[in-house]
Amino acid sequence: MTDVAETAGRERRTAMMVLLAGACIIGLAPILVRLGEAGPSAIGFWRMIFALPLLALIARRESGGVGPTGWILGLAGVAFALDLAFWHYGIALTSVAKATILSNLTPVIVTGVAWLVFREKVRPLFLTAVALAVGGACLMTLARDPGLPGVNPPLGDAFSAMTAVWYALYFLAVQRARQTRGAAQVMFWSSLTAAPLLLAASAALGERFLPATPVGWAACVGLGIVHATGQGAIAWALGRLPASVTSVVVLVQPVVAAVLGWLLFGEVFGPGQMLGGAIALTGVVLAQRAARPAAQAG
């Protein structure tokens, strides 16, 4: 029994490290989106297109190959396409601060659904981690952007709040799909489903479709690699960790994005931003501790 517990503990720690690595990689995405030189949905489309060959190659190495799709994988793709579209247009219509705060409600939604629907046990320590991680992310965003009025704040706020719902649905769908499918298979089929939806959104909204320069194309290719590796790592971890835990740990993404923004674009950290980052990372650490089996938590 001791050997089994030790093995389970090692597997959980490995999954947590892979999850953190994936979240850090995804933290590159906002920088690449800024350099993409196309419309928000169009950039999302190119992200899927450039990720698909790599995902297909990895999926063929998994047991069962690419395999046929299923409704849960289609659901993950639809949810991810809606997440990208709503998030980018939420930012365009309301303040960055409010858009980010509302989209960061994902852990609360995932935890509530996982508890009510899937009967995942939630410890008090984990609820504390949720509060710290979300509160820290909110503080970082408020410190960076005082909340200037947007083009249409009510509609933008609604889009941003729905972003949290779509991303939560994506997390839960991927976790369920991972019970029977490999991570690369899940990512391949969900990305293949999301691509035409993002293309349709870009066409319907009259966006600029093609990047204007080689820098824009390079950014889109980079997004594809980030998607395949970063989201792929998160999907792999979702097969080994509760969705509620995973959704909190990935809040390290805004911290990484803020640091890169400071280094690459001169977006200087203020005291409030640094405090918010520290609080968010504290929530991530507590989420990792709450994820341990009860026998190892002490």
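From a predicted model like this one, the values you see are computed outputs, not experimental measurements.

1. Side note on a nonpolar patch on the surface
There is a patch of nonpolar side chains on the surface, built from Leu-35, Val-215, Trp-262, Leu-263, Leu-264 and Phe-265 and spanning about 580 Å² of accessible area. No other element matches the four residues that helix α12 (residues 252–265) contributes to the nonpolar patch. On the secondary structure map, Phe-265 appears in helix α12.

2. Side note on helix α3 (residues 40–61)
Owing to its 3.6 residues per turn, the α-helix brings residues three or four apart onto one side. With 22 residues, α3 extends 32 Å from end C-alpha to end C-alpha; this agrees with the ideal 32 Å at 1.5 Å per step. Along its length, α3 shows its largest kink, about 35°, at Leu-52, and proline Pro-53 lies within four residues downstream of that point.

3. Overview of the packing of aromatic side chains
Enumeration over the complete set of coordinates arrives at 13 aromatic pairs. Ring geometry for Phe-45 against Phe-209: centres 5.6 Å apart, planes inclined by 35°, an arrangement best described as tilted. Within this pair, whereas Phe-45 is found in helix α3, its partner Phe-209 is found in the loop between α9 (183–204) and α10 (214–238), the two being separated by 164 residues in sequence. Judged by its relative accessible area of 10%, Phe-45 is buried. Consider the rings of Tyr-167 and Phe-171, whose centres lie 4.8 Å apart with planes at 85°: the pair is edge-to-face. One end of the pair is Tyr-167 and the other is Phe-171, both in helix α8 (residues 153–177) and four residues apart, which spans about a single turn. Grouped by ring-pair contacts, the aromatic residues Phe-45, Trp-46, Phe-50, Phe-209 and Trp-217 constitute a single cluster.

Rules behind the numbers
Residues numbered from 1 in each chain as written. Predicted model: local features only at pLDDT ≥ 70, side-chain atom pairs only at ≥ 80, totals over all residues. Heavy atoms only, no water. Patch = residues over 30% accessible without salt bridge, like charges linked within 9 Å, V, L, I, M, F, W, Y side chains within 5 Å. Areas by Shrake-Rupley, 256 points an atom, 1.4 Å probe, with all protein chains shown as cover. Salt bridge = Lys/Arg side-chain N within 4 Å of Asp/Glu carboxyl O. Helix = DSSP H or I, 4+ residues; strand = E, 2+ residues; numbered from the N terminus. Expected span 1.5 Å × (residues − 1). Bend = angle between axes of the 7 residues up to and from the residue. Phe/Tyr/Trp six-rings, centres within 6.5 Å; stacked < 30°, edge-to-face > 60°. Buried < 20%, exposed > 50% of the residue type's maximum accessible area, 1.4 Å probe, protein only.

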